[in-house]
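As a plain string of letters, each chain reads:
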Amino acid sequence: MQIQSEICIVGDGAIGKVAALGFAQAGLSVTLLSPQRVAPVAQGAWDARVYAVNHTAHHLLSSLKVWDALDAARVAPVDTMDVHGDGAQAGAVSFDSYAARVGALAWIVEDRNLNQALDAALRFASNIRFVQGSAVSVAMDADAARVTLDNGDVICAELLVGADGAQSWVRAQTDIGVDYRSYGQRAIVSNFQCEKPHRGVAHQWFSAQEGVIALLPLPGNHVSLVWSAPDAMADQLLKGSLSEIAQRLAVYAGEPLGQLTPLQPEVVKSFPLALIRPHAITAPRIALIGDAAHVVHPLAGHGMNLGFADVEALVRSVAGRGEHRDCGDARVLSRYARARKEDILLMQMATDGLARLFATDLEPVRVVRNFGLNLVNRLPVLKRRLIGHAVGKSF
Ligand SMILES: Cc1cc2nc3c(=O)[nH]c(=O)nc-3n(C[C@H](O)[C@H](O)[C@H](O)COP(=O)(O)OP(=O)(O)OC[C@H]3O[C@@H](n4cnc5c(N)ncnc54)[C@H](O)[C@@H]3O)c2cc1C
């Protein structure tokens, strides 16, 4: 069977789904290719995967009618972000929504909540065809990319979009080179109940020995842990129980949050952390978005936000292509690549720079980085610029 559409998206993570909705809203026909489904997290349970969604992403999700489809009772606004340094002279910087003149710095959303809202929006979208299967090859000709599936079906599209994550199959079909550097860390994620109210504060602690620990507010007295721990420590933490992890967190979280109690003792996940930098995000008739285009350290909580911004830029480039160009036209793709270059590079440099700066255990470096945190805290203009980048708005 031959399936024809203007756009073929490979990968149905949040970024692939949002892209499908964006293209469909722009009046384009879309085929969304996904692998076989995995069992979803049980209803009611807290999802260990959560995302800090920034204003750019919030705006995109609202315009696609996804934001209103979220279960609002399971979304927590972040009003303040407290960042703590390490050592005896630990520096600190605090960002708050009041100073930034926004209602919230970000919103914490569970993966399941986000995907359910996306699925609900997709059910109402016209122009999207859902195909399950595995792509085995792709061929380009003058007017289309042809993706052959393992059952022999072929999807023909003017533009092939790789939204298939860090190990992108689509990217591997191109000659795009990739720089890969492991951080030697694993991110451990789980959820806890806290004794004291979190008051919408996201806490983050940087430590050369223990990595980066973030506790993000969830609705009620709940917090989500993202602990980017050095590999050896992560292995040790994962061998123990969540109660043991909670005890280790007490040294950081005890004062602001009180005692932490695991929400679902069996739910803990971990992710190896790496910087993945493809040398390009386009190839003939191909555009990469989301983690297929860039993987950054999660310390800034921005990987997915970058992906949402990719979708916005790609849909804008394709929708504004002019009548004489097709969706995969080289100029359309180079406009997309140009639009994303600076944002992606800035985020890669900022997250990588911070990860390396705080992984160094030398005393002079520790002094300088903690001084830097205190300095930023005392410079309102710089602070506002940083908040602007973090929330996805310019002030
Ligand atoms: C611990 C941690 C915390 C994070 N916190 C945040 C945060 O707070 N805020 C934020 O913005 N970002 C955060 N991120 C980053 C964020 O998780 C990713 O950037 C985001 O999930 C990438 O989404 P994606 O859809 O591009 O890729 P993925 O979520 O990896 O989805 C890819 C999809 O493609 C499918 N696929 C793969 N191969 C194929 C194939 N061959 N054919 C068809 N389909 C295929 C997969 O099944 C999957 O559904 C965090 C990351 C980590 C590790």
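In case you missed it, the structure is sitting above this.
Residues numbered from 1 in each chain as written. Predicted model: local features only at pLDDT ≥ 70, side-chain atom pairs only at ≥ 80, totals over all residues. Heavy atoms only, no water.

A. Representation of the nonpolar core in the model. One finds Ile7, Ile9, Phe23, Leu114 and Leu159 to be the most contacted residues of the largest nonpolar core, which totals 69 residues. In this view, phenylalanine 23 contacts Ile7, Ile9, Leu28, Val30, Leu159, Val161, Leu314, Val315 and Val318; residues no more than four positions away in its chain are not counted. Judged by nonpolar contacts, the second largest core, of 29 residues, contains Val78, Val189, Phe206 and Leu299. (Core = buried A, V, L, I, M, F, W, Y, C linked by side-chain atoms within 4.5 Å. Buried < 20%, exposed > 50% of the residue type's maximum accessible area, 1.4 Å probe, protein only. Contact = heavy atoms within 4.5 Å.)

B. Layout of the site of the ligand. In the region of the ligand, 28 residues are neighbours, and Arg49, Ala52, Asp291, Gly301 and Met304 sit closest. Between the ligand and aspartate 291, the relevant distance is 2.7 Å, taken from an oxygen atom to a side-chain nitrogen or oxygen of the residue. For the ligand, whose unbound accessible area comes to 1,000 Å², protein coverage reaches 79%. At the level of secondary structure, the elements contributing two or more residues to the shell around the ligand comprise α1 (14-25), β3 (50-53), β12 (178-194) and α8 (303-319). Residue composition of the shell around the ligand, grouped by class: 16 nonpolar, eight polar and four charged. (Near = heavy atom within 4 Å. Polar contact = N/O pair within 3.5 Å; in protein donor to acceptor, adjacent residues only side chain to side chain. Areas by Shrake-Rupley, 256 points an atom, 1.4 Å probe, with all protein chains shown as cover. Helix = DSSP H or I, 4+ residues; strand = E, 2+ residues; numbered from the N terminus. Nonpolar A, V, L, I, M, F, W, Y, C, P; charged D, E, K, R; others polar.)

C. Local environment of α1. Under the 1.5 Å per step criterion, the end-to-end length of α1 is 16 Å for twelve residues, consistent within 8% with the ideal 16 Å. Along α1, the residues that are buried comprise Ala14, Ile15, Gly16, Lys17, Val18, Ala19, Ala20, Leu21, Gly22, Phe23 and Ala24. Downstream of α1 by a residue or two, glycine 27 has a phi angle that is positive, lying close to 85°. (Expected span 1.5 Å × (residues − 1).)

D. A look at helix α2 (residues 55-63). Regarding α2, the residues found buried are His55, Ala57, Leu60 and Leu61. The distance from a side-chain oxygen at the start of α2 to the backbone nitrogen of threonine 56 is 3.2 Å, and the residue carrying that oxygen is asparagine 54. One or two residues past the end of α2 sits lysine 65, with phi positive at roughly 65°.

E. Quick look at the sheet that holds β3. Read across the open sheet, the three strands follow the order β3-β7-β4; overall the sheet is antiparallel. The sheet terminates laterally at β3 and β4 (75-78), the two strands that pair on one side only. Averaged over all pairs of adjacent strands, the angle between strand axes in this sheet comes to 25°, irrespective of strand direction. Pairing of β4 with strand β7 (residues 106-110) involves four bridges; the strand directions are antiparallel. When the sheet's bridge partners are listed, valine 75 is paired in β7 with valine 109. Here α2 sits on the sheet and contacts β3 and β7; the angle it forms with β3, its principal contact strand, is near 95°. (Pairing = 2+ DSSP bridges. Axes fitted to C-alpha atoms, helices over the stretch in contact; angles between N-to-C directions.)

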